[in-house]
Structures are given as structure tokens and as C-alpha cells.
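The lines below spell out each chain.
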Amino acid sequence: MVEKTFKDEATEEKGERARLERMSEEHKEQEQVLFLEEGKKKKLKKEAEKAQKRGVCYISRVPPGMDHVKLRQLLSQYGEIQRIYLAPQNSSSIDKVNDNNKSRKRGGGAKAQAYSEGWVEFASKSNAKRVANLLNGEQIGGKKRSQFYYDHWNIKYLSKFKWDNLTDEIAYKKAIREQKLALEISAAKRERDFYLKKVDQSRALSSIEERMKKKQKVQQESGGELSVAPQKPPVCRQFPQKKPIAERERSKPQLSKDVLAGVFGGS
């Protein structure tokens, strides 16, 4: 009995140790998760503080052939640049720009992507303001062999504008574009279904006519009388019509000339 109690106590002690170890491991995992969450919060807070110090410039016209790499290369000498976004032009505008660029390019090559407008985020608001005031309306210049040498900057500093505003606007436009595309696709599907339905109906009618023709031909060849279904007489509906004004005036009772002469003569 004593040995049994010792064994029971040993097993209980082992179970308690295992439970404590599991609790300590869970506690460590919780502490690690909390540490990671605090680290993320601190990182997000730092990013938010940095974002408040940044400034965004708007480029209303991107020269033909210029991309984000060349734009960063030209503007990075005036200050640190964080992000650049260039809005692509539509297909018709791209074709026009590519046609214009053919005369500006000396050699061959693939067609360049054309952009209509752009946004540049500087690490400092002061740099963004300085760049906008310094370059707006000025010639891009650089090397004379550059295709952007004679182009001019059209750049403006956007006060109280953050990069999140731009991403929200892009997401909103994308959602509208996708919704419009979905509506166009559904309309095209409806037109297709309607067309296929009419095609099936016309095929069914044509097959019925062919069967009727074959039946009539067989009856004619066999010398039998054609069984023609009696046709109903056409229904002619009549609606009451109003008489013209002249006829209505004629139908009104009028006084005779003798009566009128007697009245006026007596007066």
C-alpha cells in the first residue's frame, strides 16, 4: 500500500510538472505575440510620423517617353523621393504618342508606355515645396541629346495631400471601372442569350415549315386531298369617330331667315 501511494504521488508530481511546463510555454508564446504586436504598433507609429512629414507633388503632364525610372533620376537630385505613381493613358492616346515619338527616336525599338499625369512623394514637405517652386514652368534641359531637353515641367505642390488619398482614389476608380465592366459583360450576355433564343425559334419554325411542305408533297403525290385548316375571318374592329367641326355646326338647329327678319323688323 505504501509503495502504491508513493507511485501515485510520483505520477501526480510528474503531471503537475508537465502542466507547469505547458503553462510556461503558453505564457512564453503569449509574451512573444504581445512583443511582436508592440513592435508592429511602434513600427506603424513611426511610419505614420514619417508620412506626416512627407510632401506630394503633382505632375499634370508627363513628357512622351518618360517613365518612373527617368523621373526619379531627374528629381532625386533635388531631394529624397519615396514613391512615384504615373497614370497610364488610354489606348488611343498611346497610339498618338507613339506616332509622335517615331520622329523623335533615331533607332528602332519597342513602343514606350505613355503616361498622362503623375504623383511624386518626397521625404520632406520643404523639399516638395522647393521643387515645385523651382521647376514649375522651367525647361527640363539636361543633355541636348535627351528627348526631354525641350520639354517643360508642369509640377505643383499639393498642400495637405497624403499618399493614402491617392491610393483611395485609385481604388475607387478601379472599383467603378470593374463595376462598369461587369455591367457591360452582363448586357452582352443578355444580348447573346436573346440572339440565341431567336435563332433557336427560327430553326424550330423552319423545321416545322419543312415538315409541312414534305407532308403536302406526299399528299399531292398520293392523290389525296389536302387538309387545309379552316382560317378564321379577320377581325375588323370599329371605333366610334368624332365628327368634324364643320359637320357638327351644320347639324346644330338654326333660326330661319323669316323669323330673324321678323325679329329685327319689329325692333
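- By the naming in an unreviewed UniProt entry, the chain goes by RRM domain-containing protein and is assigned to Populus trichocarpa.
- Recorded in UniProt under Subcellular location (unreviewed entry), the annotation for the chain is "Nucleus, Nucleolus".
- Per UniProt, the comment on the chain under Sequence similarities (unreviewed entry) is "Belongs to the ESF2/ABP1 family."

**Quick word on the overall build of the chain**
Phase 1: Tallying secondary structure elements over the chain gives seven helices and four strands in all.
Phase 2: Each helix (α) and strand (β) of the chain, taken in turn from the N terminus, gives the series α-β-α-β-α-β-α-β-α-α-α.
Phase 3: Taken over 267 residues, the chain has a buried fraction of 17%.
Phase 4: If you take every contact in the chain between residues at least 6 apart in sequence, the share linking residues at least 24 apart comes to 73%.

**A word on the packing of aromatic side chains**
Phase 1: Within this structure, the stated rule accounts for three aromatic pairs.
Phase 2: Aromatic pair Y58 and W119: ring centres 5.3 Å apart, planes at 50°, arrangement tilted. Here Y58, found in strand β1 (residues 55–59), pairs with W119, found in strand β3 (residues 115–122); they are 61 residues apart in sequence, far enough to count as distant.
Phase 3: Look at Y58 and you get partly exposed, because its relative accessible area is 22%.
Phase 4: For W119, a relative accessible area of 9% gives the class buried.
Phase 5: Ring centres of Y149 and Y150 lie 4.8 Å apart, and the angle between their planes is 85°; this geometry places the pair in the edge-to-face category.
Phase 6: Connected via pairs of aromatic rings, a cluster forms that spans Y58, Y85 and W119.

**A closer look at a negative patch on the surface**
Phase 1: Where like charges cluster on the molecular surface, the negative patch consists of E21, E25, E26 and E29.
Phase 2: With respect to the element layout, E29 can be found in helix α1 (residues 2–53).

**Overview of the pairing of β1**
Phase 1: With respect to burial, β1 is a largely interior element, four of its five residues being buried.
Phase 2: Pairing of β1 with β3 involves five bridges; the strand directions are antiparallel. Within the sheet, the bridge partner assigned to Y58 lies in β3 and is W119.

**Examining unusual backbone geometry**
Phase 1: The phi dihedral of K160 is positive, around 60°, even though this residue is not glycine.
Phase 2: Mapping K160 onto the fold places it in the loop between β4 (155–158) and α5 (163–222).
Phase 3: Since its relative accessible area comes to 81%, K160 is described here as exposed.

**Comments concerning the confidence of the model for the chain**
Phase 1: For the chain, per-residue confidence averages 76 on the pLDDT scale, and 65% of positions sit at 70 or higher.
Phase 2: The low-confidence segment residues 103–109 (pLDDT under 50) makes five contacts with residues lying over four places distant or belonging to another chain.

**Brief notes about the nonpolar core**
In a soluble, globular protein the nonpolar side chains are often hidden away together inside.
Phase 1: Residues L71, L75, V120, F122 and W153 are the most contacted members of the largest nonpolar core, which totals 22 residues.
Phase 2: At the level of elements, β1, α2 (68–75), β2 (81–88), β3, α4 (125–135) and β4 are the ones that each hand at least two residues to this core.
Phase 3: It is α4 that contributes the most residues to this core, four residues altogether.
Phase 4: Contacts of V120, omitting those with residues within four sequence positions, involve G55, V56, C57, I59, L71, L75, I81, R83, I84 and W163.
Phase 5: W119, L158, W163 and L166 belong to the second-largest nonpolar core, a separate cluster that totals seven residues.

Procedures and definitions
Residues numbered from 1 in each chain as written. Predicted model: local features only at pLDDT ≥ 70, side-chain atom pairs only at ≥ 80, totals over all residues. Heavy atoms only, no water. UniProt positions renumbered as here; feature names shortened; annotations may be inferred. Helix = DSSP H or I, 4+ residues; strand = E, 2+ residues; numbered from the N terminus. Buried < 20%, exposed > 50% of the residue type's maximum accessible area, 1.4 Å probe, protein only. Contact = heavy atoms within 4.5 Å. Phe/Tyr/Trp six-rings, centres within 6.5 Å; stacked < 30°, edge-to-face > 60°. Patch = residues over 30% accessible without salt bridge, like charges linked within 9 Å, V, L, I, M, F, W, Y side chains within 5 Å. Areas by Shrake-Rupley, 256 points an atom, 1.4 Å probe, with all protein chains shown as cover. Salt bridge = Lys/Arg side-chain N within 4 Å of Asp/Glu carboxyl O. Lys, Arg positive; Asp, Glu negative; His and termini not counted. Charge placed at Lys NZ, Arg CZ, Asp CG, Glu CD. Pairing = 2+ DSSP bridges. pLDDT = per-residue confidence, 0-100. Core = buried A, V, L, I, M, F, W, Y, C linked by side-chain atoms within 4.5 Å.

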